[in-house]
Amino acid sequence: MNRVREYRKLAGITQADLAQSVGIARQTVNLIENGKYNPSLSLCIGICHCLGTDLNTLFWEENQDENL
Amino acid sequence: MKIYNWLVSHFYGVDGVLDEYKEQGLGRIGNVAFIFLSVYSFLSSLIGMILALNFGTGVLLWLIWLDLLVLSVALIVVLRVVMNRNLDQAYVSDKIASKKVAFNRALRGGMIGSFAFLLVVPITTSWGDIASLRFGQIFSWRALLTWLVISLLLTGLMYGVFRYPVPGQTPGYPKEDDQQD
């Protein structure tokens, strides 16, 4: 699961605000936060720019560190 | 790109932004519909030619009716799948505005459906004699008014009711797992 919701709440913005900033629907933001949709790389980068963080922080899963 | 987005949004009845998630979903639905209609089109043309050679060209009118029926059913199925997958809704929190949008969409769909019905039915049939088309009767004001009333009442209303959200699919009412914040 990604940390989009966590960092979005830290930034103090709503799903609708994030959706409008990135240029997607609020429903899509909800699907991304719940792990029901895998966004494209460009969309991930757009979300990272909006939340002021990087790809690893938002989307890297901790379980993968153990496997490596 | 703007024309493409406008075309896709209005064809599928999509509200709000047409983002990559909706595009992928609509693309899958559209691909299946295109494959089905392509195969059907090929088979219907082939069968139509065979029947026309054996039974005369009058059969072709029935073929046109069948083609329109299959196309209508395919469109209804496509729109229904789009609605079931919630690709058409914007999930706005303003319930009043979303109900107004839904009503306008239903009204627009009904008008388009009734207009299409009005154009298609008089062209493919006549008043009691399928073999000969009489333009004077078909395109008279009395005939057009009659078909307009029938199409508005039957086709347009049915299409509008079909497109208006039913309980459980009303826009602006997020599902239980669809958290706002």
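*Asks:* Run through the overall build of chain B, naming residues and quoting values.
*Replies:* Secondary structure assignment for chain B yields six helices and zero strands. Reading the secondary structure of chain B in the N-to-C direction produces α-α-α-α-α-α. Here chain B, with 181 residues, has 32% of them falling under the buried criterion. Here chain B displays about 11900 Å² of accessible surface, and carbon together with sulfur accounts for 73% of that area.

*Asks:* Tell me about the interface of chain B and chain A, and please be specific about residues and values.
*Replies:* Tallying the contact residues gives 15 residues for chain B and 19 residues for chain A. Of the roughly 1400 Å² buried at the junction of chain B and chain A (both faces included), carbon and sulfur atoms supply 39%. Taken together, the connections running from chain B to chain A amount to five residue pairs in polar contact (both at pLDDT 80 or more).

*Asks:* How would you explain the confidence of the model for chain B if you had to name every residue and give the values?
*Replies:* Residues and elements named next belong to chain B. Predicted confidence across chain B gives a mean pLDDT of 72, with 50% of residues reaching 70 or more. Within chain B, helix 2 (residues 20–55) carries the highest mean pLDDT (93), whereas helix 5 (residues 135–138) carries the lowest (54). Every residue in residues 126–133 is under pLDDT 50, and counting partners more than four places away or in other chains gives 15 contacts. Low pLDDT, under 50, characterises residues 170–177; the predicted model gives this stretch 17 contacts beyond four residues in sequence or across chains. Model confidence for the complex: the whole-complex pTM is 0.67, and ipTM, which rates the interface, is 0.83.

*Asks:* Lay out the nonpolar core with the relevant residues and their values.
*Replies:* By size, the foremost hydrophobic cluster in this structure holds 24 residues, and its most contacted members are Val-4, Ile-32 and Ile-47 of chain A together with Tyr-12, Leu-26 and Val-82 of chain B. Of all the elements in the fold, those that place two or more residues in this core are helix 2 (15–22), helix 3 (26–33) and helix 4 (41–51) of chain A together with helix 1 (2–12), helix 2 and helix 3 (59–84) of chain B. Leaving out residues up to four positions away in the same chain, Ile-32 of chain A has contacts with Asn-2, Val-4, Ile-24, Tyr-37, Pro-39, Leu-43, Ile-47 and Phe-59 of chain A.

*Asks:* Tell me about the pattern of salt bridges, and please be specific about residues and values.
*Replies:* All names here are of chain A. This structure, assessed with the given rule, holds two salt bridges over all chains. For Arg-5, the salt bridge goes to Glu-33, with nearest N and O atoms at 3.0 Å. Taken together, the residues span a long stretch of sequence, with Arg-5 in helix 1 (residues 4–11) and Glu-33 in helix 3 at a distance of 28 residues. One exposure class covers both Arg-5 and Glu-33, and it is buried. When the shortest N-O distance is used, the salt bridge between Glu-33 and Arg-8 registers 2.5 Å. Placement of the pair is Glu-33 in helix 3 and Arg-8 in helix 1, with a sequence separation of 25 residues.

About the thresholds
Residues numbered from 1 in each chain as written. Chains lettered and ligands numbered in written order. Predicted model: local features only at pLDDT ≥ 70, side-chain atom pairs only at ≥ 80, totals over all residues. Heavy atoms only, no water. Helix = DSSP H or I, 4+ residues; strand = E, 2+ residues; numbered from the N terminus. Buried < 20%, exposed > 50% of the residue type's maximum accessible area, 1.4 Å probe, protein only. Areas by Shrake-Rupley, 256 points an atom, 1.4 Å probe, with all protein chains shown as cover. Contact = heavy atoms within 4.5 Å. Buried area = accessible area lost by both parts, 1.4 Å probe. Polar contact = N/O pair within 3.5 Å; in protein donor to acceptor, adjacent residues only side chain to side chain. pLDDT = per-residue confidence, 0-100. Core = buried A, V, L, I, M, F, W, Y, C linked by side-chain atoms within 4.5 Å. Salt bridge = Lys/Arg side-chain N within 4 Å of Asp/Glu carboxyl O.

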